[in-house]
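These are the residues of each chain, in order.
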Amino acid sequence: METAVKQKDGVDAQIAVAGHICLDIYIDVGRMPLETLSKGLQPGQLVKIGGARVATGGAVSNTGLSLKRLGLDVALISRVGDDMFGQTVAMVVEQFGKGISRDLRPIEGEPTSYSLVINPAERDRSFLHCPGVNDTFLSRDVDFDELPSLRLLHFGYPPLMRTMWINNGAELVDLFGRARRRGVTTSLDMAWPDPASEAGKADWKAILAAVGPLTDVFLPSIEEALYMVDPATYAKFSSGALAVDAQLLDWLSGELLGIGAAVVGVKLGADGMYIRTTDDEKRLNAMGACRPGDVANWRGRRLVSPCFDIKVANTTGAGDSTIAGFLAAMVKGLPIEAAANAACATGACNCQGAHAVHSVPSWDELQRRLGEGWGRRPVSISLPGWRPDGATGLIVPAK
């Protein structure tokens, strides 16, 4: 039977980010040929490699610490093992603020989740991942009594956490149900499951149907959303037979709003973020503590926020930081245009640093950059009938 190691007192925060966290161990192999690297996996072989560095990864780390750097009071809620990797996760997180690791719950006898990241120069990375204690996360790991000022709960990466997607997501449904009953706004991010894995073969449409009515803000990537809503459409998209355009985005967002979400933000990689909100005023007002202050501004909206123009140094955690910017604006009660711009601006700042999160600025610094006429990158999406909005930099349907 699992046993949680004795915890410190909880932190009274307005935002909690719960879900997946892991220790990422980056292994530098330089420009080593693939055939040389593969020799290292053969019995009895030794291949000389470069140094290694460690960082924390996952939604709790990337989104949570981005919110912390933006200046918000955030609780990071996840499981780690009672092992050296778990201690390292806590140590890395503590660099962002004393006491911020207090809601990482060590579980006796279970391993911390970790990834070995093979990091060759000028080539895509490869990952060897141990899910570890993430696979046993439960709804009860979020204790709302320890968070009396909580206004928003964001949960990230349930496809990488077995107990959160089995039984049609019953644990996730329970967690979001408890949050909603307390008037807490709920936000959900996904991860792309390997189609060949057990998680990849789960009935994600049924899972979304179960948790959707309890999800106020749904923020998946285009790949994740298509895979879960319609695998056949995803297959066309992944093969290159289907391009992203306004028609596809409107259909997909309509499906996600149809399962019950009030606000949908679809991450589009280098094309930025597509945002669509419900036409139902009652649904927007039922979003809990972070419901829009100006419902008319958020009601029935569609817009695209293009990426800001930067020199990209690293894309790790970009989507998670984008989410952080969006949620920060929601907690502050800002208009949807400001939320869309804060989202992509935070993601852009993340990409300017060598490592995830570290280059995310304070909220005031982010606003200063936005006020200086920060340029945008062109989007490749076909948007007939849409137009750039000079005042906000967003792309919106023509009136």
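In the block above lies the structure referred to throughout.
Residues numbered from 1 in each chain as written. Predicted model: local features only at pLDDT ≥ 70, side-chain atom pairs only at ≥ 80, totals over all residues. Heavy atoms only, no water.

Draft legend 1. Summary view of the overall build of the chain. Along its length, the chain carries 13 helices and 15 strands. Over its C-alpha atoms the chain spans a radius of gyration of 21 Å, differing by no more than 12% from the 21 Å that the globule rule assigns to 399 residues. Reported as C-alpha extents along the three principal axes, the dimensions of the chain are approximately 70 × 50 × 45 Å. For the chain, buried positions account for 53% of its 399 residues. In the chain, the share of contacts with a sequence separation of at least 24, taken over all contacts with a separation of at least 6, comes to 74%. For the chain, the exposed surface amounts to about 17100 Å²; the carbon and sulfur share of it is 52%. (Helix = DSSP H or I, 4+ residues; strand = E, 2+ residues; numbered from the N terminus. Rg over C-alpha atoms; globule rule 2.2 N^0.38 Å. Buried < 20%, exposed > 50% of the residue type's maximum accessible area, 1.4 Å probe, protein only. Contact = heavy atoms within 4.5 Å. Areas by Shrake-Rupley, 256 points an atom, 1.4 Å probe, with all protein chains shown as cover.)

Draft legend 2. Spotlight on the packing of aromatic side chains. Inspection of every chain in the model, using the stated rule, returns eight aromatic pairs. For the pair Trp 192 and Tyr 227, a centre-to-centre distance of 6.2 Å together with 65 degrees between the ring planes defines the contact as edge-to-face. Linking Trp 192 in the loop between β9 (185–189) and α5 (204–211) with Tyr 227 in helix α6 (residues 222–229), this pair joins segments that are 35 residues apart in sequence. With relative accessibility at 38%, the residue Trp 192 sits in the partly exposed group. Exposure remark for Tyr 227: the relative accessible area of 10% places this residue in the buried category. By the ring-pair criterion, three or more aromatic residues cluster together here, those being Trp 192, Tyr 227 and Tyr 234. (Phe/Tyr/Trp six-rings, centres within 6.5 Å; stacked < 30°, edge-to-face > 60°.)

Draft legend 3. Seen up close, the pattern of salt bridges. Taken as a whole and judged by the stated rule, the model has 14 salt bridges. A salt bridge links Arg 178 to Asp 174, with the shortest nitrogen-to-oxygen separation between them at 3.5 Å. In this pair, Arg 178 and Asp 174 are both assigned in helix α4 (residues 162–181), four residues apart and thus about one turn of the helix distant. The shortest N-O distance in the salt bridge between Arg 283 and Asp 216 comes to 3.0 Å. Linking Arg 283 in helix α9 (residues 281–285) with Asp 216 in the loop between α5 and β10 (217–218), this pair joins segments that are 67 residues apart in sequence. (Salt bridge = Lys/Arg side-chain N within 4 Å of Asp/Glu carboxyl O.)

Draft legend 4. Molecular detail of the sheet that holds strand β6 (residues 114–119). With respect to topology, four strands assemble into an open sheet ordered β3-β2-β6-β7, the strand pairing being mixed. One side of each edge strand has no neighbouring strand; the edge strands of this open sheet are β3 (52–57) and β7 (126–130). Strand-to-strand twist in this sheet, taken as the mean axis angle between neighbours without regard to direction, amounts to 20 degrees. Where helix α3 (residues 84–94) meets the sheet, it contacts β2 (22–28), β3 and β6, and its direction lies at approximately 90 degrees from that of β2. (Pairing = 2+ DSSP bridges. Axes fitted to C-alpha atoms, helices over the stretch in contact; angles between N-to-C directions.)

Draft legend 5. Up close: the environment of Arg 180. Of note, Arg 180 is situated in helix α4. Once residues within four sequence positions are removed from consideration, Arg 180 is found in contact with Thr 186, Pro 213, Leu 214, Thr 215, Asp 216, Arg 283 and Ala 286. Separated by 3.2 Å, the side chain of Arg 180 and the backbone oxygen of Pro 213 make a polar contact. A distance of 3.4 Å separates the side chain of Arg 180 from the backbone oxygen of Leu 214, its partner in a polar contact. (Polar contact = N/O pair within 3.5 Å; in protein donor to acceptor, adjacent residues only side chain to side chain.)

Draft legend 6. Seen up close, helix α2 (residues 59–69). Within α2, nine of the 11 residues are buried, which leaves the element mostly enclosed by the surrounding structure. Of the positions making up α2, those classed as buried are Ala 59, Val 60, Ser 61, Asn 62, Thr 63, Gly 64, Leu 65, Ser 66 and Leu 67. Phi for Gly 71, located one or two positions after α2, is positive at around 105 degrees.

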